[in-house]
Amino acid sequence: MGNTCYATEWQVICIYFFLAVLHVSLGDFRYSVPEETKNRYIIGSLTHDFNLDFKLLRARRARVDYQGSRRYCDIHLDTGDFIVLERMDREKLCGQTSPCLIHFEFILESPLELHNIALEIQDINDNAPSFPKDVIKLEISETAPKGSRFQIAGARDPDVGVNSVKTYILRPNKHFGLDIHTSNERGKYGEIVLKSTLDREKEREHSLLLTAVDGGDPPRSGTVIINIVVLDSNDNAPVFLNALYKVSILENSLPGTFVAKVSATDKDEGANGEINYDFNHVSESTKQLFDIDSKSGEIKVIGKIDFEESASYEIEIQAEDGGGQAGHCRVLVQITDVNDNIPAIIVKSISNPIPENLPPGTEIAIINVMDQDSGENSKVTCTMSPNLPFKLQTSIRNYFTLVTEAGLDREEYSEYNVTVTATDGGSPSLSSSKILHLIIADINDNPPTFDQQSYSAYVTENNVPGSSISSVTARDPDWKQNGTVTYALLPSEVNGISVASIFSINRDSGVIHAVRSFDYEQLRSFKVHVVAKDNGSPQLSSNVTVSVFITDQNDNSPQILYPAQSGNSFMTEMVPKAAQAGSLVSKVIAVDADSGQNAWLSYQIVKSTDPGLFTIGVHSGEIRTQRDVSQSDIMKQNLIVLVKDNGQRSHSSTCTVNFVISDDYSDYTSEMKDHAARSENMSNTTAYLVIALAVVTFLFLVFITLILVVKVCRRGKPGLLFDGAVAIPSAHFPPNYAEVEGSGTLRHSYIYDTFLTTGSRTSDFKFVSSYDSTMPRDSTLKKEQKVSNEAGKTIGQEEDMSCEKSAEMQSDRSS
Ligand SMILES: *[C@@H]1O[C@H](CO)[C@@H](O)[C@H](O)[C@H]1NC(C)=O
Ligand SMILES: *[C@@H]1O[C@H](CO)[C@@H](O)[C@H](O)[C@H]1NC(C)=O
Ligand SMILES: *[C@@H]1O[C@H](CO)[C@@H](O)[C@H](O)[C@H]1NC(C)=O
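S.K.: For this particular structure, what's the right way to read the sheet that holds strand β49 (residues 622–625)?
M.R.: In a beta sheet, neighbouring strands pair by backbone hydrogen bonds and run either parallel or antiparallel. Ordered by their spatial adjacency, 3 strands build an open sheet running β45-β49-β48, and the pairing between neighbours is antiparallel. Single-partner strands in this sheet number two, and they are β45 (584–587) and β48 (614–616). Averaged over all adjacent pairs, the angle separating strand axes in this sheet is 25°, with direction ignored. Sheet topology places β48 next to β49; 3 bridges connect them, and they run antiparallel. Counterpart to I616 in the pairing with β49 is I623.

S.K.: Got a minute to help me understand the site of ligand 1 in this structure?
M.R.: In the vicinity of ligand 1, the residues found are E415, N417 and H437. Here E415 contributes a side-chain N or O atom positioned 3.2 Å from a nitrogen atom of ligand 1. Interatomic distance of 2.4 Å between a side-chain N/O atom of N417 and an oxygen atom of ligand 1. About the coverage of ligand 1: the protein hides 32% of its 360 Å² of free accessible area.

S.K.: Looking at this structure, how should I read the nonpolar core?
M.R.: In a soluble, globular protein the nonpolar side chains are often hidden away together inside. In terms of nonpolar packing, the biggest core is built from 29 residues, with V472, F503, F526, V530 and V546 touching the most fellow members. The set of elements that each furnish at least two residues to this core consists of β33 (454–460), β36 (485–489), β39 (503–505), β40 (511–514), β41 (525–534) and β42 (541–551). In contact with V546, other than residues within four places in its own chain, are Y455, A457, V472, I512, F526, K527, V528 and V530.

S.K.: How do you make sense of the site of ligand 2 when you look at a structure like this?
M.R.: As a structural note, the neighbourhood of ligand 2 is formed by D442, I443, N444, W479, K480, Q481, N482 and S537. Measuring from an oxygen atom of ligand 2, one finds a backbone N or O atom of N444 at 2.9 Å. Contacts to ligand 2 include N482, whose side-chain N or O atom sits 2.3 Å from an oxygen atom. Its residues assigned to classes, the shell around ligand 2 comprises 2 nonpolar, 4 polar and 2 charged.

S.K.: Teacher, can you tell me more about the pairing of strand β21 (residues 298–301) here?
M.R.: Successive side chains on a regular strand alternate, one facing one side of the sheet and the next facing the other. Along β21, the buried face is formed by I299 and V301; none of E298 and K300, which line the opposite face, is buried. For strand β17 (residues 258–261) and β21, the ladder comprises 3 bridges, and the chain directions are antiparallel. Considered in β21, the bridge of F258 is made with K300. Bridge count for strand β20 (residues 290–292) against β21 is 3 bridges, and the pairing is antiparallel. When the sheet's bridge partners are listed, D291 is paired in β21 with K300. Adjacent in sequence and paired antiparallel, β20 and β21 are bridged by 5 residues, among which G297 carries a positive phi angle near 75°.

S.K.: Looking at this model, I keep getting lost on the state of the cysteines. Mind explaining?
M.R.: One pass over the full model with this rule turns up 1 disulfide. Through a disulfide, C94 is tied to C100; the S-S separation comes to 1.5 Å. On the S-S bond that ties C94 to C100, the torsion sits near 70°, and the link is right-handed. Accessibility assignment for this pair places C94 and C100 in one class, buried.

S.K.: Where do I start with the pattern of salt bridges in this structure?
M.R.: Pairing between side chains of opposite charge can happen when the charged atoms of each approach one another. On inspection of all chains with the given rule, the structure shows 27 salt bridges. Measuring nitrogen to oxygen at the nearest pair gives 1.8 Å for the salt bridge that ties E36 to R87. Remark: R87 occurs in the loop between β5 (81–84) and α3 (90–93) and E36 occurs in the loop between β1 (29–34) and β2 (42–45); sequence separation between them is 51 residues. For E36, a relative accessible area of 25% corresponds to the partly exposed category. E411 is paired through a salt bridge with R410; the nearest N and O atoms lie 3.2 Å apart.

S.K.: How should the side chain of D424 be read in this particular structure?
M.R.: Topologically, D424 is positioned in strand β30 (residues 415–424). A distance of 2.9 Å separates the side chain of D424 from the side chain of N339, its partner in a polar contact. Within the local environment of D424, its side chain forms a polar contact with the backbone nitrogen of L430, the two atoms lying 2.8 Å apart.

S.K.: Explanation requested: the confidence of the model for the protein in the structure shown.
M.R.: Fine structural detail should not be taken from predicted coordinates in areas where pLDDT scores are low. The pLDDT averaged across the protein works out to 79; a share of 81% of its residues lies at or above 70. In the model, residues 1–7 has pLDDT below 50 throughout and makes 5 contacts with residues more than four positions away in sequence or in other chains. Below pLDDT 50 for its whole length, residues 18–26 participates in 5 contacts with residues either more than four positions away or in separate chains.

S.K.: Explanation requested: unusual backbone geometry in the structure shown.
M.R.: Glycine aside, the phi torsion of most residues is negative, and most peptide linkages are trans. The step from D217 to P218 runs through a cis peptide bond, and the omega angle for that step is 0°. Position of P218 relative to the elements: it lies in the loop between β13 (205–214) and β14 (221–231). Of note, the amide linkage connecting S427 to P428 takes the cis form, showing an omega dihedral of 0°. Positionally, P428 belongs in the loop between β30 and β31 (431–441). Residue Y72 is not a glycine yet carries a positive backbone phi of 60°. Of note, Y72 is situated in the loop between β3 (63–66) and β4 (73–75).

S.K.: Please explain the sheet that holds strand β24 (residues 344–350) as it appears in this structure.
M.R.: Reading across from one edge, β24-β26-β29-β28 is the order of the 4 strands in this open sheet, with antiparallel pairing throughout. Both outer strands of the open sheet, β24 and β28 (390–394), are each paired with one neighbouring strand and no more. Strand-to-strand, the axes of this sheet are offset by a mean angle of 30°, without reference to chain direction.

S.K.: Teacher, can you tell me more about the packing of aromatic side chains here?
M.R.: Aromatic rings considered in pairs are described by the distance between their centres and by the relative angle of their planes. Taken as a whole, this structure holds 19 aromatic pairs when the rule is applied. Pairing Y413 with Y416 gives two aromatic rings, centres 5.8 Å apart and planes at 50°, and the pair type is tilted. Y413 gets classed as partly exposed once you look at its relative accessible area, which sits at 46%. Taken together, the ring pairs in this structure connect F29, Y31, F50, Y66, Y72, F82, F104 and F106 into an aromatic cluster.

About the criteria used
Residues numbered from 1 in each chain as written. Chains lettered and ligands numbered in written order. Predicted model: local features only at pLDDT ≥ 70, side-chain atom pairs only at ≥ 80, totals over all residues. Heavy atoms only, no water. Pairing = 2+ DSSP bridges. Helix = DSSP H or I, 4+ residues; strand = E, 2+ residues; numbered from the N terminus. Axes fitted to C-alpha atoms, helices over the stretch in contact; angles between N-to-C directions. Near = heavy atom within 4 Å. Polar contact = N/O pair within 3.5 Å; in protein donor to acceptor, adjacent residues only side chain to side chain. Areas by Shrake-Rupley, 256 points an atom, 1.4 Å probe, with all protein chains shown as cover. Core = buried A, V, L, I, M, F, W, Y, C linked by side-chain atoms within 4.5 Å. Buried < 20%, exposed > 50% of the residue type's maximum accessible area, 1.4 Å probe, protein only. Contact = heavy atoms within 4.5 Å. Nonpolar A, V, L, I, M, F, W, Y, C, P; charged D, E, K, R; others polar. Disulfide = S-S within 2.5 Å. Salt bridge = Lys/Arg side-chain N within 4 Å of Asp/Glu carboxyl O. pLDDT = per-residue confidence, 0-100. Phe/Tyr/Trp six-rings, centres within 6.5 Å; stacked < 30°, edge-to-face > 60°.

Printed below as a string of structure tokens:
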């Protein structure tokens, strides 16, 4: 190429220079040489081409000049050849300019001769195409659509023409194809075309080999490796390893207890693959129990797990990646029951207090036991304290009934503390207990019982009316009024008299009082029946017999039955003159209404006409001669015999026994008449005394009655006569106890033998027949005695007369 002139000043110079060049370069010559030729390579013959004689070359100092530091070519002075001095690289000298011409000046001196030589350096395919980099990194999103194109920087080949890049070849692969373009600016380049979509998750990188081939012969090539990195897009949702996790934990697991670890994977990468775990659609209450670590997926307990609240929890867990895609799984947490609930005892119903007469098997209480645990932990057994008259029966599930097992007796145990214990089947088992305080209510089931089977009371006769004679006590263990005892006499009669008029009993204390005075001689013993009643309803009672024994007092003087001592009746015994010593001449017969010692009589002679003649048996009363009766003895003899009982304050009676010592009966009769005359006066005197006594007694009774009437009227309550412990019946006296002939009826509470003269001359004495009824039959004499006191008869055949027994005696006396 020639010089290029631009500015106007330079234009003149350029034109000049151009003309000058034009002048000297008439004989321009053009050579060509392939590049990269060896040294001394002959390009052409200058001498030949310029018609020179090569012998003159030296002389003319021929040379080839190259503008530049280098020479590249020169003239061989010996041959005149245009030779290569050093290796020439077309690509270096001309680059991509084609044709590549470098210009030399062929200078000859003397004369100066200047020729221009243009040397075309011909390209040889000495360069292979090359890519800017050996490895191209290309990032393609996995979501890139089919047909997407990616330009690849073209390869360069310094060679020109056919030796430059002719085409590209892509090593076959399934995702990419190649499209080759040619542009003026960029020459040939390739584009990678996506043939099928990429999936990072399948293949994250692809390596392509692109070869650029030039058109030389042989062709040269250069390659580049295209590394394609598939860029992730969040096209994958996290996926859990399991859709359902089943775990079980113990209830009461402490906060922090590991429950489960869920794990999800996301094939995406980076943020798209970063998973955060969280609960999804979980109730607030569950959220308070469990927590999930958002990074690790570890589920832990944070609250109080109570099996009884919920036996299982279903937790839905969501795993979300950074791109918002989410996967789900469920965790089923089953709670294993722990025996943490004490069984509860609930008394559903109870009858309390319970009557003591409940038959065995009666239901008393219904007990419900509950355990909130489950399974074995909730199987509750119920027991109760042993040795009680109750038992627990299982009824329906978890219901127990407390029933009576044995009979109850309030009097033995009035209350029970029944401890009911409920134990569950857990291990260790839990238990609770409850005390049922059962009170036994009273039933009037105990009659009053007397302290003794029977009572005996001893009363001395002539007691003061109103004095207490005995007391009975009955006890009733029942409660309150069921055990309150009152006493009463059972109505009965003693000798036709109601006991109520003889005794009274204190209703509350059981003390028995005698209402009247007793006479042993009339009534020795009897029985009263006392009933003790409680106040219950129905009322129970029991009765006891109180045997009242009246003890004797020495209140009766011995009564001399024979010989009769009445005024007008006198008796005389005849003693034969021939009576020898020791013969029984008479017998004093006396009785004493008392008994025992008090009726044990002894006889003694206190006075006698002839003290030596008669003697009396101390106990028999038999009068015997002490010696033989002699003719000298006085005919009329009498003895005063003292009959004495053996009581403490002994009573005595005397009698006179008259004897006539004679063998002649007429003596005896005259003696009798004497006696009769004397007793006439005596009889009259007795009658007067009896009348006087009757009058006094009658007045006394009227007086007593008046006093009582006045008292009763003041109180205003007529019934109160029986009020209090002792009541003396005012107008109730036993019916006729003693009759006194000829002097009306004498009522008197004393009952004893009346032995009175009747006023008749012929009847000396009489036994009152009322003895008959007052004396118990069995206590009379075993044999009836008949005392015959007929004149001229000796009494002496009697059986021994018991001192203790009173005899019913009847004596007919005929004078
Ligand atoms: C029952 O328990 C009560 C109160 O704990 C006590 O006062 C009572 O004496 C007990 N009764 C028996 C029979 O143990
Ligand atoms: C007495 O017994 C009766 C039944 O026999 C009973 O109904 C009553 O409650 C008892 N009284 C008391 C005070 O316990
Ligand atoms: C007295 O008691 C007996 C048995 O102890 C009984 O047979 C009798 O009927 C009772 N008498 C009365 C009047 O209660």
